[in-house]
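# Breakdown of the fold
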Amino acid sequence: MTSSENRRITDLGTLKAISHPLRMRLYRALFVARTATASQLADQVDEAVSLVSYHLRKLAEHGLIEEAETRSTDGRERWWQPSSYGFSIRDEDLRDAPELVAASAAFGRTVDEQRNQMYARFLDERHTWSDEWRAASVSSEWLPRLTAGELAALGAELDAVLKKYDQKARAAEAAGDTGGRENVAVHLRGFPYRG
């Protein structure tokens, strides 16, 4: 059963496993679907089922996903689900391990590239969405002057707000309220910079 907590990644093998671009796309697709087979995910990422199966097994080897209860009548298809609500990589776990720092940077670049691709696709397809969805979409930038502690507190508050909305939506879906719902990506970054 999927844990309701984030999984904290602290080892190099797991960090390298999730840093692979296709594996990250598969993890994201599985997180959205909640449960899926390799065939279903292969259709979403436009890759061969055998390749997707291989990468799903690699994610499972590192505990990022797990087998889900089968939904097929003949039991031949393997169903997968995320093993946790998400995962986190924390700076304090990387400090004394240069190989983890490098792997974390590679992971960050993979995720950033995929997030930018998602947003670019939305911009390209914006006209295909209803007026309501176009008006509801958000793209903002703030440039406050904060302390490290204030930035950490801001991040924790925003995380709590987003988790609240996600859990509320999941509960509504479980109760059958699926009308008008779409997958929504919320990408947020907060980091220091020098002008």
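Described in the following lines is the structure provided in the data block. Treat the numbers as computed from the prediction; the structure is a model and nothing was measured. (Residues numbered from 1 in each chain as written. Predicted model: local features only at pLDDT ≥ 70, side-chain atom pairs only at ≥ 80, totals over all residues. Heavy atoms only, no water.)

Helix and strand counts for the protein chain come out as seven helices and five strands. Overall, the protein chain shows an N-to-C arrangement of helices and strands of β-α-α-β-α-α-β-β-β-α-α-α. Once the C-alpha set of the protein chain is aligned to its principal axes, its extents read approximately 60 × 50 × 30 Å. Residues counted as buried form 26% of the 195 residues belonging to the protein chain. Intrachain contacts of the protein chain at a sequence separation of at least 6 include 66% that bridge at least 24 residues. For the protein chain, the exposed area adds up to about 13,400 Å²; of that, 51% sits on carbon and sulfur atoms. Treating the 27 positive side-chain charges of the protein chain as one cloud and the 30 negative ones as another, the clouds have centres 2 Å apart. (Helix = DSSP H or I, 4+ residues; strand = E, 2+ residues; numbered from the N terminus. Buried < 20%, exposed > 50% of the residue type's maximum accessible area, 1.4 Å probe, protein only. Contact = heavy atoms within 4.5 Å. Areas by Shrake-Rupley, 256 points an atom, 1.4 Å probe, with all protein chains shown as cover. Lys, Arg positive; Asp, Glu negative; His and termini not counted. Charge placed at Lys NZ, Arg CZ, Asp CG, Glu CD.)

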